[in-house]
Amino acid sequence: HACMQDGMTWLLSSPEESLAYILADSGFDVWVANNRGTRWSSRHVSLDSSSRRYWDWSWDDLVVNDMPSLVDYIYSHTEQKPHFLGHSMGTLVALAAFSEGRTVDKLKSAALLTPVAYLSHMTTPLGILLAKAFVGELITILGVAEFNPVTPAVASLFKELCRHPGTNCYDLLTDFTGKNYCLNSSAVDVFLQYEPQPTSTKTMVHLAQTFRDGVLSKYDYVWPGVNVEKYGQPDPPAYNMSNIPAGFPLFLSYGGRDELADPGDVGRLLGDLRGHDPGRLTVQYLEQFAHADFVIGTCAKDYVYNHVVSFFNRFN
């Protein structure tokens, strides 16, 4: 699932329109992941969610620890390699993991909706303002390790950003994701009943660094000495998308109106994958789709999900 969302994303539409139900009805055993810190994944063996240490992680930690553990857990229960399905930051974590050779030998394939590897072409006004704020070391200004949109500190931040010209906070979903093609008001209402969810402020800073630097790399601690301690070099190592094994089956679907996973950034990712086996890379471009269409769009089944099911069946 995406940043500031959880696994409920896949279940918010009707059973006939939600991808999790559609996959189950097609005969797949569906496992729904929830990133650490969200409502269904808030426990810890020793830390409380009110502590700063609990939130001391970025999406790097999802790449290195959480995604491999998730895949191993499913395999231990089923003794089968699963397919992976991700949206937005879920695709970012997967692509970064695949580029380092993580989990690719334990998965049959991956379907990536609105794939995110680069963010330099992002055009969403509120997203750009947030990115600039976080790169400006907002983490120290907020004084919080948890980024939760419903808390007073974060709510006041949004209120301040909404005063900027060009933002439309009366339609936050559009301002964040672009002009979606097939969202109806009831779908948006249901979505807003369950989302957004908290994430770590460190993850927000990391995403902002990706926007600012134009490269996909591990978390930048800013101080060269700390980076050397963490990585053995003064700058954080980059994730190299061209290292994704050429024979690993990938399905990528993206939209022409998406202001987060902009077509320009997806095009750069596809350039990195130009050495991929053509028989193992399926790319779908939907000119009229934006970011949220892929998960709660009323027409997503006809445009996207049926193709995902066919892709998984092909490599099952």
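Residues numbered from 1 in each chain as written. Predicted model: local features only at pLDDT ≥ 70, side-chain atom pairs only at ≥ 80, totals over all residues. Heavy atoms only, no water.

Asker: Just give me the short version of the overall build of the protein chain, but keep the residues and values in it.
Answerer: Of regular secondary structure, the protein chain possesses 13 helices and six strands. Taking 2.2 N^0.38 as the reference for a compact globule, 316 residues should give roughly 20 Å; the C-alpha atoms of the protein chain span a radius of gyration of 19 Å, in line with that estimate. Taking the principal axes of the C-alpha coordinates as reference, the protein chain spans close to 50 × 50 × 40 Å. Counting all 316 residues of the protein chain, 50% fall into the buried class. Total accessible area on the protein chain stands at roughly 14,300 Å², and carbon and sulfur atoms take up 52% of it. One way to put it: in the protein chain the 23 positive side-chain charges average out to a point 3 Å from where the 34 negative ones average out. (Helix = DSSP H or I, 4+ residues; strand = E, 2+ residues; numbered from the N terminus. Rg over C-alpha atoms; globule rule 2.2 N^0.38 Å. Buried < 20%, exposed > 50% of the residue type's maximum accessible area, 1.4 Å probe, protein only. Areas by Shrake-Rupley, 256 points an atom, 1.4 Å probe, with all protein chains shown as cover. Lys, Arg positive; Asp, Glu negative; His and termini not counted. Charge placed at Lys NZ, Arg CZ, Asp CG, Glu CD.)

Asker: Tell me about the state of the cysteines, and name the residues and values.
Answerer: On inspection of all chains with the given rule, the structure shows one disulfide. In this model Cys182 forms its disulfide with Cys299; the gap between the sulfur atoms is 2.1 Å. Handedness here is read from the sign of the S-S torsion; for Cys182 and Cys299, about -85 degrees, the answer is left-handed. Separated by 117 residues along the polypeptide, Cys182 in the loop between α7 (172-177) and α8 (185-194) and Cys299 in the loop between α12 (293-296) and α13 (300-314) bring together distant segments of the chain. Like Cys299, Cys182 is buried. (Disulfide = S-S within 2.5 Å.)

Asker: Give a detailed account of the packing of aromatic side chains, specifying residues and quantitative values.
Answerer: Applying the stated criterion across every chain, the model contains 17 aromatic pairs. Between Phe84 and Phe98, the ring centres sit 6.4 Å apart and the planes meet at 85 degrees, which makes this aromatic pair edge-to-face. Taken together, the residues Phe84 in strand β1 (residues 84-87) and Phe98 in helix α3 (residues 89-99) connect sequence positions 14 residues apart. Of the residues examined, Phe98 reaches a relative accessible area of 0% and is grouped as buried. (Phe/Tyr/Trp six-rings, centres within 6.5 Å; stacked < 30°, edge-to-face > 60°.)

Asker: With reference to specific residues and values, describe the packing of helix α2 (residues 59-78) against α3.
Answerer: Angle between the axes and distance between the axes: these two values describe a pair of packed helices. Relative to each other, α2 and α3 sit at 65 degrees, their axes nearing to 9 Å. What the angle tells us is that α2 and α3 run roughly perpendicular. Judged by the twist between their axes, the crossing of α2 over α3 is right-handed. Residue-level contacts link Trp59, Leu62, Val63 and Met67 of α2 to Met89, Leu92, Val93, Ala94, Ala96, Ala97 and Phe98 of α3. When the residues that make up the contact of α2 with α3 are grouped by side-chain class, the tally is eleven nonpolar, no polar and no charged. (Axes fitted to C-alpha atoms, helices over the stretch in contact; angles between N-to-C directions. Parallel < 35°, antiparallel > 145°, perpendicular 65-115°, else oblique. Left-handed = near helix turned anticlockwise from the far one by under 90°. Contact = heavy atoms within 4.5 Å. Nonpolar A, V, L, I, M, F, W, Y, C, P; charged D, E, K, R; others polar.)

Asker: Could you give an account of the environment of Asp60, naming the residues involved and the relevant values?
Answerer: As for its position among the elements, Asp60 is in helix α2. Taking the C-alpha atoms as reference, Asp60 lies 6.3 Å from Lys218; in sequence the two are 158 residues apart.

Asker: Can you tell me about the nonpolar core, naming the residues and giving the values?
Answerer: Residues Trp59, Phe98, Met241 and Leu250 are the most contacted members of the largest nonpolar core, which totals 56 residues. For this core, the elements supplying multiple residues, two or more each, are α2, α3, β2 (110-113), α4 (125-135), α6 (152-161), α9 (201-213), β5 (250-255) and α11 (263-272). Top contributing element to this core by residue count: α3, with eight residues. If you look at the next biggest cluster of nonpolar residues, it comprises 23 residues, including Leu113, Phe251, Cys299 and Val309. (Core = buried A, V, L, I, M, F, W, Y, C linked by side-chain atoms within 4.5 Å.)

Asker: Describe the pattern of salt bridges, with residues and values.
Answerer: Enumeration according to the criterion identifies seven salt bridges in this entry. Salt-bridge contacts for Arg102 lead to Glu100; the nearest nitrogen and oxygen are separated by 2.9 Å. With a relative accessible area of 33%, Glu100 lands in the partly exposed category. (Salt bridge = Lys/Arg side-chain N within 4 Å of Asp/Glu carboxyl O.)

Asker: Please provide a residue-by-residue account of the sheet that holds β1, values included.
Answerer: The four strands lie next to each other as β1-β2-β5-β6, forming an open sheet whose pairing is parallel. Each edge of the open sheet is held by one strand with a lone partner, namely β1 and β6 (281-286). The average undirected angle you get between the axes of adjacent strands in this sheet is 10 degrees. Where β5 meets β6, six bridges bridge the pair, whose relative direction is parallel. Pairing of Phe251 across the sheet is with Thr282, part of β6. (Pairing = 2+ DSSP bridges.)

Asker: Residues and numbers for the environment of Pro15, please.
Answerer: Turning to its location among the elements, Pro15 is positioned in the segment before α1 (19-25). Distance in space between the C-alpha atoms of Pro15 and Asp25 is 9.3 Å, their sequence separation being ten residues. Among residues more than four places away in sequence, those in contact with Pro15 are Tyr21 and Ile22.

Function cannot be inferred from these measures alone, as they are strictly geometric.
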